[in-house]
Amino acid sequence: MKTNIKYFAVLAIGLFSACTKQLDIEPQGPPSANNFWKTKEDALKAQGGMYEKYGDGDYYGRGMFWFINASDDMVTGRNKPEGDNIKNFNRSYIGGGYTESQWSMRYAIIKRANDIIEHVPGINMDENLKKQIIGDAYFNAGLVYFQLASNYGNDKAGIPIVTPGTDPAKPVAKAQNVNENYDFIISLLLKAADNLPYFSEMKATDYGKAHKTAAWAYLSKVYLFKKDYVNAAKYADMVISSGQHDLVKTSFADVFKASNNWSKEYIWSVVCSPDAGGTGWGSILPGVMLTNKAWGIYNGWGYYLPTKELYDSYEAGDQRREATILKPGDKFMFFGAERTFVKDAGATSDYQFKKYMDPFAYADPVPKHVNPNGDYGTTDLNVPLMRYAEVLLIKAEAAIQTGGTGSGDSELNKIRTRAGLAPKTGMTMVDLKRERRNELAGEWADRHRDLVRWGDAQATYAKPLHDSKGNEIWPARAYNPQVHNVWAVPQREIDNSSGLIKQNEGW
């Protein structure tokens, strides 16, 4: 049976026991139409199934982060030919292991969400809980559709839209263009917001499930990518005026401490919940970004390393720079001792991202803060996918695009003040682009997609990248905006669809 999304395989909800720590849901064996969708417990298990991939190392640990690695903020830190090909827009990466599964894994979540949307309304259970579970399904479907559409869709072709009840034996063709996808995503997120509670209304045991302002925040981002700036501002304003969120005011570095996992800055994260043995699930990004072999103390991977271009983009006195990047000679705490940063001998760059290092600072951090398995470097830090700061940046960008110079000053100055910078007036898109870069560097917000949607990628990538000493560590790259504004469809999806799914033009 061939299908472009491996649809038949995704009914197996009971593949993960670690989810119980995040969502207090106990997913069990694969359901069928005959023995499932009968009780409240079935609905909760199905809800848990939507979060299974959050702990997969290739989902929110690497995977699509290889696409983010294409930006000028970072370089592939070790000898990784497939990663190099992705960064260099070389089609030789197609069919490799790093990104081939991104499409199918996310369509697996869409299938699970669709099953909830189709079957949970018929279950006799508490109506408020039912509504929340259905809202969660709409949210998760909308979120992963957005991740797929923004990476694989453009004005020439979108991605397949799979609705509840779709025949799993039949491949589905691509949408006509990415705006068709964005409109569908908007419809999903609007339904999510209608069904979901505010985060402040949720029990602590439900933290990590979808909530109303998360849906609004992603609506604002989808509209931003759609270049509908009026609606981008509208939904950002709904988040801002909700009273649910604020910046962590103590310092920028404090945002990335586990004690602030559920602060008012939280909107959506990859939740990591170490169990008693410290083998929690979540994003392995902290371990992936940690210097290779971590000076013989822990097994970091050193995959994504910052560039001089990123370091130099910060204004003098910007506290975000030292909170984000380690450079040679910097002092930092690691496993309870002060160390002086030195690069790994084989590293491409002599910088390292610092954002996710707080869990490693404790004396004896294993197993309370850091996974004892160095080959799976999760920590007790929720790795953010969407922060309140990004909502402010979306509002500022939409305001500048519609109102011109100075229209985003209020939102941008909130971010600048926290960074220890003086307020400014009359800020333009140049200021917005720098603030977005400096605030969100090394995060899932995705600098590469920003450069693409702004039309800046070709000029940016035509310049080489450097280490702290000014040595060239990555040559200039040939970016073709007519081809490389999207990534290649995984080859196995084309093959499994018997050719119904076409490769993106030029790849």
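Residues numbered from 1 in each chain as written. Predicted model: local features only at pLDDT ≥ 70, side-chain atom pairs only at ≥ 80, totals over all residues. Heavy atoms only, no water.

K.L.:
Tell me about the pattern of salt bridges, residues and numbers included.
P.N.:
In total, this model carries 42 salt bridges according to the counting rule given. A salt bridge links Arg320 to Glu435; the shortest N-O distance between them is 2.8 Å. Of this pair, Arg320 sits in helix α12 (residues 319-324) while Glu435 sits in helix α15 (residues 429-440), and the two are 115 residues apart along the sequence. For Glu435, a relative accessible area of 0% gives the class buried. Close ionic contact of Arg492 with Glu493 constitutes a salt bridge, the shortest N to O distance being 3.7 Å. Relative accessible area serves as the criterion here: at 32%, Arg492 is assigned to the partly exposed category. With relative accessibility at 0%, the residue Glu493 sits in the buried group. (Salt bridge = Lys/Arg side-chain N within 4 Å of Asp/Glu carboxyl O. Helix = DSSP H or I, 4+ residues; strand = E, 2+ residues; numbered from the N terminus. Buried < 20%, exposed > 50% of the residue type's maximum accessible area, 1.4 Å probe, protein only.)

K.L.:
Please provide a residue-by-residue account of empty space enclosed by the protein, values included.
P.N.:
This structure, assessed with the given rule, holds 7 cavities of 30 Å³ or more. Around the largest cavity sit 17 residues that line it, and Gln147, Lys221, Trp444, Ala445 and Asp446 are the ones nearest its centre. Only α6 (127-152) and α8 (212-225) provide two or more residues apiece to the lining of the largest cavity. Among the elements that make up the lining of the largest cavity, the one with the highest residue count is α6 (5 residues). Within the lining of the largest cavity, the residues separate by chemical class into 10 nonpolar, 3 polar and 4 charged. (1 Å grid on protein atoms, 1.4 Å probe; cavity = no way out; pocket = protein on both sides within 12 Å on 5 of 7 lines; lining within 4 Å. Points joined across faces, edges and corners; volume = space filled by probe spheres on them. Nonpolar A, V, L, I, M, F, W, Y, C, P; charged D, E, K, R; others polar.)

K.L.:
So what's going on with the packing of aromatic side chains? Which residues, and what values?
P.N.:
This structure, assessed with the given rule, holds 52 aromatic pairs. Ring centres of Trp66 and Tyr303 lie 5.2 Å apart, and the angle between their planes is 45°; on these two criteria the pair is classed as tilted. Placement of the pair is Trp66 in helix α3 (residues 65-68) and Tyr303 in the loop between α10 (285-289) and β3 (304-306), with a sequence separation of 237 residues. Look at Trp66 and you get buried, because its relative accessible area is 0%. Take Tyr303: its relative accessible area is 6%, and that puts it in the buried class. Between Arg106 and the ring centre of Tyr59, over which it is positioned, the NZ or CZ distance is 4.0 Å. Note that Arg477 overlies the ring of Tyr461, its terminal NZ or CZ placed 4.2 Å from the centroid. (Phe/Tyr/Trp six-rings, centres within 6.5 Å; stacked < 30°, edge-to-face > 60°. Lys NZ or Arg CZ within 6 Å of the ring centre and 35° of its normal.)

K.L.:
Lay out the packing of helix α9 (residues 229-241) against helix α13 (residues 388-403) in plain terms, naming residues and giving numbers.
P.N.:
Axis separation between α9 and α13 bottoms out at 8 Å; the angle between their running directions is 145°. Of the two elements, α9 crosses α13, and the hand of that crossing is left-handed. From α9, Tyr229, Val230, Ala232, Ala233, Ala236, Asp237, Val239 and Ile240 reach across to α13, where they touch Tyr388, Val391, Leu392, Ile394, Lys395, Ala398, Gln401 and Thr402. Broken down by class, the residue content of the contact of α9 with α13 amounts to 12 nonpolar, 2 polar and 2 charged. (Axes fitted to C-alpha atoms, helices over the stretch in contact; angles between N-to-C directions. Left-handed = near helix turned anticlockwise from the far one by under 90°. Contact = heavy atoms within 4.5 Å.)

K.L.:
Tell me what's going on with the environment of Ser150, and back it up with residues and numbers.
P.N.:
By secondary structure assignment, the location of Ser150 is in helix α6. With 31 residues separating them along the chain, Ser150 and Asn181 place their C-alpha atoms 9.2 Å apart. Sequence-distant contacts of Ser150, defined by excluding residues within four places in its chain, comprise Tyr182, Phe225 and Arg449. A distance of 2.8 Å separates a polar side-chain atom of Ser150 from the backbone oxygen of Phe146. (Polar contact = N/O pair within 3.5 Å; in protein donor to acceptor, adjacent residues only side chain to side chain.)

K.L.:
Can you explain the side chain of Asp136? Please cite residues and give values.
P.N.:
Note on placement: Asp136 falls in helix α6. The side chain of Asp136 sits in the buried core without any salt bridge; Lys209 is the nearest counter-charge, 6.3 Å away. At 2.7 Å, the side chain of Asp136 and the side chain of Gln47 are in polar contact. If near-sequence neighbours (up to four positions away) are discounted, Asp136 is found in contact with Gln47, Met50, Tyr51, Leu196, Lys209 and Ala210. (Lys, Arg positive; Asp, Glu negative; His and termini not counted.)

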